[in-house]
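Summary of structural features
One letter stands for each residue in the lines below.
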Amino acid sequence: MRAAAMHGCFVTGTDTEVGKTRVSAALLHWLGERGVRCAGYKPVAAGIETIDGEDVNEDVRALRDASSVVMTDAEVGPCQFEAACAPHIAAALEGRTIERAVLLQGARTLAARAEYLIVEGVGGFCVPLGADFDSADFAVDLQLPVVLVVGLRLGCINHALLSAEAICARGLRLAGWIANTVDTGMPHRDANLATLRDELGGRHQAPCLGVVPRMSSPDPAAVAACFDDAALRALFGLA
Ligand SMILES: Nc1ncnc2c1ncn2[C@@H]1O[C@H](COP(=O)(O)OP(=O)(O)OP(=O)(O)O)[C@@H](O)[C@H]1O
Ligand SMILES: [Mg+2]
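The following paragraphs examine the structure supplied in this document. Residue numbers here run from 1 along each chain, matching the order of that chain's written sequence. A letter from A marks each chain and a number from 1 marks each ligand, given out in the order of writing. Totals for whole chains, interfaces and linings use all residues, but because this is a predicted model, local features are given only for residues with pLDDT of at least 70 and pairs of side-chain atoms are given and counted only at 80 or more.

1. Some details on the overall build of the chain
Helix numbers and strand numbers start at the N terminus; a helix is a DSSP run of H or I with at least 4 residues, a strand a run of E with at least 2. The number of helices and strands found in the chain is 10 helices and 10 strands. Only the C-alpha atoms count toward the radius of gyration. The rule for a globule is 2.2 Å times the residue count to the power 0.38. Relative to a compact globule of 239 residues, whose C-alpha radius of gyration would be 18 Å, the chain shows 17 Å and is just as compact. The principal-axis extents of the C-alpha atoms in the chain amount to approximately 45 × 40 × 40 Å.

Set out below in structure tokens:
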């Protein structure tokens, strides 16, 4: 029997550390504010730290805290590793492998409890997860629309267009993109944003869903306030 279609989105980025977690948590906050039952999912998470005496992965905890569905860390992040490095390397360091079926089952279990699932990818779009699959394959397994976080810094136009082509080549829909300010001193920021709007909007019909400045505390509510409500309503099919 085919599993029911999931609703939500797969959040990828032009690189690691470009704001995927901040944006994913803000999307969860935005949905929760509208009374939607939503769950965050971080299928593969690398890097454990001690927060308030507890060993946690920061991304997993941020998504869990922003979700309106009550979940455990293990449900949000079924595959967590100690070392903060490329996931297949972190797995090898522990003599473990990343099981594609486990990642998909975890998503399906949460999707049965939530109306919308916000899945944060790993690093950029194409990250090896095992000998025969990568993070893009997992995005294909989910069949969710993709949201691209573009980290605003020199070089991001190329990274955004390469990511958009890779998403499209896997037969997935780039449903929109969110600009997140990484380099506050980026030269010609507005011209870069205009080019991203033209290229991603024109070639890929992907609208800009928001532009996020650098903030002193980029909490979910503050980041969500930078989103384009109408564009997000269209993306999630909300009235
Ligand atoms: N708009 C912003 N203003 C201030 N700080 C930000 C902003 N966006 C992201 N950051 C900070 O930058 C760092 C990287 O952001 P984040 O963890 O969301 O990136 P990521 O793409 O999820 O990284 P990873 O690939 O490790 O999952 C974090 O410390 C985060 O708090
Ligand atoms: Mg993250």
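2. Things to note about the nonpolar core
Grouped together as the largest cluster of nonpolar side chains are 70 residues, with contacts concentrated most on Leu117 and Val146. The dominant element in this core, judged by the number of residues it contributes, is helix H1 (residues 20-33), at 7 residues. By definition, residues are in contact whenever their C-beta atoms, placed on the basis of the backbone, come within 7 Å of each other. With sequence-adjacent residues up to four places away left out, Leu117 is seen in contact with Met6, Gly8, Ala39, Tyr41, Ala107, Leu110 and Ala111. Buried Ala, Val, Leu, Ile, Met, Phe, Trp, Tyr and Cys residues whose C-beta atoms connect them within 7 Å together make up a nonpolar core. Every C-beta atom is placed from the backbone, and the number of other C-beta atoms within 10 Å of a residue's own sets its class: buried at 20 or more, exposed at 12 or fewer, partly exposed in between.

3. Looking at the site of ligand 1
By convention here, the C-beta atom is placed from the backbone, and a residue is near a molecule or strand when that atom is within 6 Å of it. Ligand 1 sits among 16 residues. The nearest are Thr16, Gly19, Lys20, Thr21 and Arg22. Looking at the shell around ligand 1, the elements with two or more residues in it are H1 and strand E9 (174-181).

4. Here we look at the packing of helix H7 (residues 156-169) against helix H8 (residues 189-204)
To get an axis, fit a line to the C-alpha atoms, keeping to the stretch in contact for a helix; angles then go from 0 to 180 degrees between the N-to-C directions. For the pair H7 and H8, the least separation of the axes is 10 Å and the interaxial angle reads 15°. With respect to H8, the axis of H7 lies roughly parallel. Along this stretch, H7 crosses H8, giving a crossing that reads as right-handed. When H7 is examined against H8, the residues Cys156, Ile157, Ala160, Leu161, Ala164 and Cys168 are found in contact with a partner set consisting of Asn192, Thr195, Leu196, Glu199, Leu200 and His204. An angle counts as roughly parallel when it lies under 35 degrees, as roughly antiparallel when it exceeds 145, as roughly perpendicular when it falls between 65 and 115, and as oblique in every other case. By convention the crossing between two helices is left-handed if the near helix lies anticlockwise of the far one by an angle smaller than a right angle, and right-handed if it lies clockwise.

5. Comments concerning the pairing of strand E1 (residues 8-13)
The element E1 is extensively covered by neighbouring structure, given that 6 of its 6 residues are classed as buried. In E1, alternate side chains face the same way, and those of Gly8, Phe10 and Thr12 on one face and Cys9, Val11 and Gly13 on the other are all buried. Judged from the 4 bridges that link them, E1 and strand E7 (residues 116-120) form a sheet pairing that is parallel. Counterpart to Gly8 in the pairing with E7 is Leu117. Judged from the 4 bridges that link them, E1 and strand E8 (residues 146-152) form a sheet pairing that is parallel. Bridged to Gly13 within E8 is Val149. Think of it this way: DSSP has to see at least two bridges between two strands before they count as a pair.

6. Details of H7
Relative to the 20 Å expected for 14 residues at 1.5 Å per residue, H7 spans 20 Å between its end C-alpha atoms, a close match to the ideal helical length. When H7 is considered as a whole, its buried residues turn out to be Cys156, Ala160, Ser163, Ala164 and Ile167. Seen along its axis, H7 keeps its buried residues to an arc of 100°; they face one direction. The exposed set on the far side of H7, more than 90 degrees from its buried face, consists of Asn158 and Ala169. Summarising the contacts, the buried residues of H7 are in contact with E1, E8, E9 and H8. Trailing H7 by a residue or two, Gly171 shows a phi angle of about 80°, which is positive. The span you would expect from a helix comes to 1.5 Å times its residue count less one. The directions from the helix axis to the C-beta atoms are what the arc is built from.

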